[in-house]
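Single-letter residue listing:
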Amino acid sequence: MGLFKELNHVSITVTDVAKAREFYTGLLGLEEIPRPAFNFPGIWYSLGNGLSLHIILNDELVRPAVEREKIEARYPHFALWTPDCDATAARIEALGLVCRDVFSGPTGLRQVFVKDPDGNMVEFIGPSTKAGARVMESTGTHP
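Residues numbered from 1 in each chain as written. Predicted model: local features only at pLDDT ≥ 70, side-chain atom pairs only at ≥ 80, totals over all residues. Heavy atoms only, no water.

Enquirer: Got a minute to help me understand helix α1 (residues 17–27) in this structure?
Expert: Because each turn of an α-helix spans 3.6 residues, side chains separated by three or four positions end up pointing in the same direction. Those residues of α1 not exposed but buried are Val17, Ala20, Phe23 and Tyr24. Axial view of α1: buried residues confined to an arc of 125 degrees, hence all on one face. What points out from α1, more than 90 degrees from its buried face, is the exposed set Glu22 and Gly26. The inward-facing, buried residues of α1 contact β1 (9–14), β3 (42–48), β4 (51–57), β5 (77–81), β7 (110–115) and β8 (121–126). Measuring from the backbone nitrogen of Ala18 back to the side-chain oxygen at the start of α1 gives 3.0 Å, which picks out Asp16 as the cap. One or two residues past the end of α1 sits Gly29, with phi positive at roughly 75 degrees. (Buried < 20%, exposed > 50% of the residue type's maximum accessible area, 1.4 Å probe, protein only. Helix = DSSP H or I, 4+ residues; strand = E, 2+ residues; numbered from the N terminus. Arc of directions from axis to C-beta. Contact = heavy atoms within 4.5 Å. Polar contact = N/O pair within 3.5 Å; in protein donor to acceptor, adjacent residues only side chain to side chain.)

Written as structure tokens, this is what we have:
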């Protein structure tokens, strides 16, 4: 038996909770959920299936400008599944958000990366009419 049953939440830090709320609630439309009265500011969001996103204020942790601005798929991020990534990409474009839009050969999926005001990266991933066939690596292990 492993050490856990399922992923419960993802936590990220921000330097300004109000700006984070504008981004995650206002632009991305995530649903805020009740948060315990911790002794530091933050916001919790429902991501579905019992998973949540925890936004935590840490105004001492500021990423260098290049990390806040540059969008690289290999930077730390969390991904949100979308059943129609073409529609999601169109919505992100309509919002005027800077993004990195990738049609992944290996996954056969479309990936649209955006960053919040603190440089935390969010990926929207899902099927696209423009993506190719899915290719998977072997892990070398068998169930």
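Enquirer: Honestly, the pairing of β5 in this entry has me stumped. Any pointers?
Expert: Moving residue by residue along a regular strand, the side chains alternate between the two faces of the sheet. The two faces of β5 differ: Phe78 and Leu80 on one face are buried, but His77, Ala79 and Trp81 on the other face are not. Sheet topology note: the β5/β8 ladder contains five bridges and is parallel. Within the sheet, the bridge partner assigned to Phe78 lies in β8 and is Val122. (Pairing = 2+ DSSP bridges.)

Enquirer: What exactly am I supposed to notice about the packing of aromatic side chains here?
Expert: Evaluation of the coordinates by the stated rule reveals four aromatic pairs. With centroids separated by 4.9 Å and ring planes inclined at 85 degrees, the aromatic side chains of Phe23 and Tyr24 adopt a geometry described as edge-to-face. A single burial state applies to Phe23 and to Tyr24, both of which are buried. Between the aromatic rings of Phe38 and Phe40, the centroid separation amounts to 5.4 Å while the plane-to-plane angle is 10 degrees, which identifies the pairing as stacked. A residue is classified by how much of its surface remains accessible, and Phe38, at 40% relative accessible area, is partly exposed. A relative accessible area of 31% means that Phe40 is categorised as partly exposed. Cluster of aromatic residues (ring-pair linked, three or more members): Phe23, Tyr24 and Tyr45. (Phe/Tyr/Trp six-rings, centres within 6.5 Å; stacked < 30°, edge-to-face > 60°.)

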